[in-house]
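These are the residues of each chain, in order.
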Amino acid sequence: MQKGSFITFEGVDGSGKSTQAKVLANTLNKNGYTTVLTREPGGSIGAELIRKLLVEGDPDRWSPETEMLLFTAARRDHLEKTINPALKEGKIVISDRFADSTRIYQGATRGDLRSIVDNLHKLMIGCEPDLTIIIDIDPSESLARGLARGSGEDRFEGFGLNFQQKLRRGFLNLAADFEERCKIVNGTQSIGKVSSEILYLVYSKLND
Ligand code: ADP
Ligand code: TYD
């Protein structure tokens, strides 16, 4: 049923995903493509309500199991209301995070739930992006960037540096497991250099 293209950004907190997702959407729009820029958790009215429960408050507010269910519920609504309708219309959907975040945060870092995460994904989501850009950066750099935002949405940053180091390794392993879909970009470079590398990967995929 899919006609458009589905591109996702992944990586540790503060790695530059939302910056790059925006740059990519603007560049593609200027070049005649129609894009939908979205994010997780969130991206639809219902999923944004669930987002608030997840990103605010005490780090121990939810167990990894409960988190996995809440993220998946939010993703299902996002898929039904935003992603699938846009793909059906032939648009390019660019999402700041998607299912790989649950695989790594709840599946391999917060909890050891990877096989349950994979089963739940198969049951309730059942699709993968065409291309996933993983922005790789040393967490000590990204953590400083992330916390500098002061948005109040820092529940996950509250887990600390070791947690972020584990996440980084998780995303690098994921890229090796899905090497056709996942491409790693060095996030310590300037915003312009990162975005030009991403644009090259995106055009290669769109012209496949
Ligand atoms: P994420 O969405 O991955 O959490 P953001 O895009 O919000 O990351 O970036 C986190 C912070 O780092 C922001 O203040 C942003 O302006 C800054 N930033 C993003 N990319 C770069 C870069 N390549 N070099 C320096 N600072 C950056
Ligand atoms: P986000 O706003 O993208 O955070 P950041 O800009 O700091 O990268 O996502 C909010 C937090 O939710 C982030 O710390 C990652 C976490 N998260 C999960 O744990 N599992 C998931 O499935 C998703 C989508 C996000």
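In case you missed it, the structure is sitting above this.
Residues numbered from 1 in each chain as written. Chains lettered and ligands numbered in written order. Predicted model: local features only at pLDDT ≥ 70, side-chain atom pairs only at ≥ 80, totals over all residues. Heavy atoms only, no water.

A. Just the site of ligand 1, in detail. Taken together, 12 residues surround ligand 1, and among them Gly-14, Lys-17, Ser-18, Thr-19 and Gln-189 come closest. Here Lys-17 contributes a side-chain N or O atom positioned 2.6 Å from an oxygen atom of ligand 1. Contact with the protein chains covers 73% of the free accessible surface of ligand 1, which is 570 Å². The element that contributes the greatest number of residues to the shell around ligand 1 is helix α1 (residues 17-30), accounting for 3 residues. (Near = heavy atom within 4 Å. Polar contact = N/O pair within 3.5 Å; in protein donor to acceptor, adjacent residues only side chain to side chain. Areas by Shrake-Rupley, 256 points an atom, 1.4 Å probe, with all protein chains shown as cover. Helix = DSSP H or I, 4+ residues; strand = E, 2+ residues; numbered from the N terminus.)

B. Spotlight on the environment of Gln-20. Mapped onto the elements of the fold, Gln-20 is located in helix α1. Separated by 113 residues in sequence, Gln-20 and Ile-133 have C-alpha atoms that sit 9.8 Å apart. Sequence-distant contacts of Gln-20, defined by excluding residues within four places in its chain, comprise Phe-9, Ile-135, Ile-191, Val-194, Ser-195 and Ile-198. Among the polar contacts listed, one links the side chain of Gln-20 to the backbone oxygen of Ile-191, at a separation of 3.2 Å. (Contact = heavy atoms within 4.5 Å.)

C. Main features of the site of ligand 2. In the vicinity of ligand 2, 17 residues are found, and the nearest of them are Asp-13, Lys-17, Arg-51, Arg-97 and Thr-102. At 2.8 Å, a side-chain N or O of Lys-17 approaches an oxygen atom of ligand 2. Protein chains shield 95% of the accessible area of ligand 2, which is 540 Å² for the free molecule. Listed by contribution, the elements that provide at least two residues to the shell around ligand 2 are α2 (45-55), α3 (64-88) and α4 (99-109). Looking at the shell around ligand 2 element by element, the count peaks at 4 residues for α4. Of the residues contributing to the shell around ligand 2, the split by class is 5 nonpolar, 4 polar and 8 charged. (Nonpolar A, V, L, I, M, F, W, Y, C, P; charged D, E, K, R; others polar.)

D. Just the environment of Thr-109, in detail. Looking at the element boundaries, Thr-109 is found in helix α4. In the structure, Thr-109 is positioned 54 residues away from Phe-163 in sequence and 7.0 Å away in space, judged by C-alpha atoms. Within the structure, the side chain of Thr-109 is placed 2.7 Å from the backbone oxygen of Ile-104, a separation counted as a polar contact.

E. Seen up close, the sheet that holds strand β4 (residues 131-136). An order of β2-β3-β1-β4-β5 is seen for the 5 strands of this open sheet, with the pairing classed as parallel. The outermost strands of the open sheet, each flanked by one partner alone, are β2 (35-39) and β5 (182-186). On average, each strand axis in the sheet is tilted by 20° relative to the strand beside it, whichever way the strands run. The pairing of strand β1 (residues 5-10) with strand β3 (residues 92-96) spans 5 bridges and is parallel. Along β3, the bridge assignment pairs Ser-5 with Ile-92. (Pairing = 2+ DSSP bridges. Axes fitted to C-alpha atoms, helices over the stretch in contact; angles between N-to-C directions.)

F. Region of the structure containing helix α7 (residues 161-177). With 17 residues, α7 ought to run about 24 Å at 1.5 Å a step, and its terminal C-alpha atoms sit 24 Å apart, in line with that. Within the sequence span of α7, burial applies to Phe-163, Gln-164, Leu-167, Gly-170, Phe-171, Leu-174 and Ala-175. Down the axis of α7, the smallest arc covering the buried residues is 135°, so these residues share one side. Exposed side of α7, more than 90 degrees from the buried face: Asn-162, Arg-169, Asn-173 and Ala-176 are the residues found there. (Expected span 1.5 Å × (residues − 1). Buried < 20%, exposed > 50% of the residue type's maximum accessible area, 1.4 Å probe, protein only. Arc of directions from axis to C-beta.)

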